[in-house]
Amino acid sequence: MTKQLAGMYAALMTGLSDAGEFDPQRQRNINDYALRQGLTGLYVGGSSGESGLLTVDELLAQQEVVFAGAASTGTKLIAHVGMPNLRDSIRLARQAQKLGYHALSALPPHSYPFSDEEVFGYYQALAAATALPLIVYEIPLRTGRPLPLNLLVRLLDLRNVVGIKYTSTDLFKYSLLRKRQPEKLFYYGFDEIYAAAGMLGTDGGIGTTYNLLGRLYVAVDQAIRAGDLARAKTLQMVSQDFVEVLLETGVLPGMKAAFRVIGVDCGPTRAPMALAVADAEDRMRAVLARPPVKEWLA
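Residues numbered from 1 in each chain as written. Predicted model: local features only at pLDDT ≥ 70, side-chain atom pairs only at ≥ 80, totals over all residues. Heavy atoms only, no water.

Is there a simple way to explain the overall build of the chain in this structure?
Per the secondary structure count, the chain includes 13 helices and 8 strands. Taken over C-alpha atoms, the radius of gyration comes to 18 Å for the chain, in line with the 19 Å a tight globule of 298 residues would show. By principal-axis analysis of the C-alpha atoms, the chain measures approximately 50 × 45 × 40 Å. Intrachain contacts of the chain at a sequence separation of at least 6 include 72% that bridge at least 24 residues. Here the chain contributes 30 positively and 29 negatively charged side chains, and the mean placements of these two sets differ by 5 Å. (Helix = DSSP H or I, 4+ residues; strand = E, 2+ residues; numbered from the N terminus. Rg over C-alpha atoms; globule rule 2.2 N^0.38 Å. Contact = heavy atoms within 4.5 Å. Lys, Arg positive; Asp, Glu negative; His and termini not counted. Charge placed at Lys NZ, Arg CZ, Asp CG, Glu CD.)

Here is the structure:
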């Protein structure tokens, strides 16, 4: 089952109403577009889904809406359940198991400077809370600090832990971790440099811009596995052209602006998250019209 989880996943975004409430229909709009990307699956309720700004009840509702729309498609579903406290994480994990999700993933506990042993205890308890495979998560951008290599090795040794989503530019630590845990699944999380991690060996990727350009990232991954490094580089540069503009607008607000440009009604981001520039839709329209980017839209 573990290797069946390998592949490319959209870190699914969240549909909100104009008032900023969870909107099931707008969620379905995003789901439907993402499901046309030829990806292995969807990673539900993570940072790209604004999980840090949503309530647990909203995340539970999102799990249900996504599962209802994807269960019959053969799409793999990973539920992100990493909340600042263990109780909420377990609540999300147990519903995901009941619904029929294929795996779980979780940020380390955050909002406070938890010790390494507290992080270990969190993952130990979460891994024991269900029978689902668990993917740990290294993302210093969200947690405020990188987890030490020896702690990551210990986490990957826990029962039910099958791999890691690694979203850090420290590719040397990534390589060392792969050397120490060669049987585990390794997903890389920075879209714009996926090919760099792919050169070092990945089992797949999980990314925000996969929601919109998933076909592109599938092609990057296929080129790497075929040894066609020239094509992988060319395709990665298409990704970088898009991400460069996206960073100007703010990543999640800009992604939603891009969806509006192509006619996908997904709503705004939740306050206080907001667009960084007033002309975000114009910038997104311009970059999506460039032939190297446009051809990868679904």
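Moving on, there is more to tell.
Explain the nonpolar core to me, please; I cannot follow it from the model alone.
The nonpolar side chains of soluble globular proteins are, as a tendency, buried together. With 103 residues, the main nonpolar core has Tyr 123, Leu 155, Leu 212, Leu 213 and Phe 242 as its most contacted residues. Looking at this core, the element that brings in the most residues is helix α9 (residues 210-225), giving 10 residues. Setting aside its immediate chain neighbours within four residues, Leu 213 contacts Gln 37, Phe 242, Val 293, Trp 296 and Leu 297. (Core = buried A, V, L, I, M, F, W, Y, C linked by side-chain atoms within 4.5 Å. Buried < 20%, exposed > 50% of the residue type's maximum accessible area, 1.4 Å probe, protein only.)

Sorry, what's going on with helix α3 (residues 86-99) here?
One full turn of an α-helix is made of 3.6 residues, so residues set three or four places apart face in the same direction. Across its 14 residues, α3 extends 20 Å between first and last C-alpha, which sits within 8% of the 20 Å expected from 1.5 Å per residue. Listed as buried for α3 are Asp 88, Ser 89, Ile 90, Leu 92, Ala 93, Gln 95 and Ala 96. Those residues of α3 that are buried are in contact with α2 (56-70), β3 (76-80), β4 (103-106) and α4 (116-129). The N-terminus of α3 is capped by Asn 85, whose side-chain oxygen sits 3.2 Å from the backbone nitrogen of Arg 87. Where α3 terminates, the next one or two residues include Gly 100, which has phi positive at roughly 115 degrees. (Expected span 1.5 Å × (residues − 1). Polar contact = N/O pair within 3.5 Å; in protein donor to acceptor, adjacent residues only side chain to side chain.)

Mind showing me how you'd approach the packing of α4 against helix α6 (residues 149-156) here?
Here α4 crosses α6 at 20 degrees, and the two axes come no closer than 10 Å. Considering the angle they form, α4 stands roughly parallel to α6. The two elements α4 and α6 cross, and the hand of that crossing is right-handed. Together, Asp 116, Glu 117, Val 119, Phe 120 and Tyr 123 of α4 and Leu 151, Arg 154 and Leu 155 of α6 make up the contact between the two elements. Class assignment of the residues belonging to the contact of α4 with α6 gives a composition of 5 nonpolar, no polar and 3 charged. (Axes fitted to C-alpha atoms, helices over the stretch in contact; angles between N-to-C directions. Parallel < 35°, antiparallel > 145°, perpendicular 65-115°, else oblique. Left-handed = near helix turned anticlockwise from the far one by under 90°. Nonpolar A, V, L, I, M, F, W, Y, C, P; charged D, E, K, R; others polar.)

Sorry, what's going on with the environment of Leu 147 here?
Positionally, Leu 147 belongs in the loop between α5 (140-143) and α6. For Leu 147, a relative accessible area of 3% corresponds to the buried category. Linking Leu 147 and Val 119, residues 28 residues apart in sequence, is a C-alpha distance of 9.2 Å. Excluding residues that lie within four positions of it along the chain, Leu 147 makes contacts with Pro 108, Val 119, Tyr 137, Glu 138, Leu 152, Leu 155 and Lys 173.

Would you mind going over the pattern of salt bridges with me for this structure?
Opposite charge on two side chains lets them pair, provided their charged atoms get close. Overall, the coordinates contain 14 salt bridges when judged by the stated rule. The partner of Arg 154 in a salt bridge is Glu 117, with the nearest N and O atoms 2.8 Å apart. Taken together, the residues span a long stretch of sequence, with Arg 154 in helix α6 and Glu 117 in helix α4 at a distance of 37 residues. Owing to a relative accessible area of 49%, Glu 117 belongs among the partly exposed residues under this scheme. The partner of Asp 279 in a salt bridge is Arg 283, with the nearest N and O atoms 2.9 Å apart. Among the charged side chains, a network of salt bridges with common partners joins Asp 18, Arg 26 and Asp 265. (Salt bridge = Lys/Arg side-chain N within 4 Å of Asp/Glu carboxyl O.)

What am I meant to see in the packing of α2 against α3 here?
When two helices pack together, their arrangement is captured by the angle between the axes and the distance separating the axes. Packing of α2 against α3 leaves a shortest axis separation of 10 Å and a crossing angle of 15 degrees. Accordingly, the angle class assigned to the pair α2 and α3 is roughly parallel. The way α2 lies across α3 gives a crossing that is right-handed. Contacts between α2 and α3 involve Val 56, Asp 57, Leu 59, Leu 60, Gln 63, Glu 64 and Phe 67 from the first element and Asp 88, Arg 91, Leu 92, Gln 95, Ala 96 and Leu 99 from the second. Residues of the contact of α2 with α3, tallied by class, amount to 7 nonpolar, 2 polar and 4 charged.

I'm lost on the packing of aromatic side chains in this one. Help?
How two aromatic rings sit relative to each other is given by the distance of their centres and the angle of their planes. Following the criterion strictly, the structure yields 12 aromatic pairs and no others. Seen from their ring centres, Tyr 188 and Phe 190 are 6.4 Å apart, and the 65 degrees between their planes marks the pair as edge-to-face. Grouping residues by exposure puts Tyr 188 and Phe 190 together as buried. Pairwise contacts between aromatic rings join Tyr 166, Tyr 174, Phe 186, Tyr 188 and Phe 190 into one cluster. A cation sits over an aromatic face here: Arg 154 above Phe 120, 4.0 Å from the ring centre. Just above the ring of Phe 186 sits the side chain of Arg 178; from NZ or CZ to the centre is 5.2 Å. (Phe/Tyr/Trp six-rings, centres within 6.5 Å; stacked < 30°, edge-to-face > 60°. Lys NZ or Arg CZ within 6 Å of the ring centre and 35° of its normal.)

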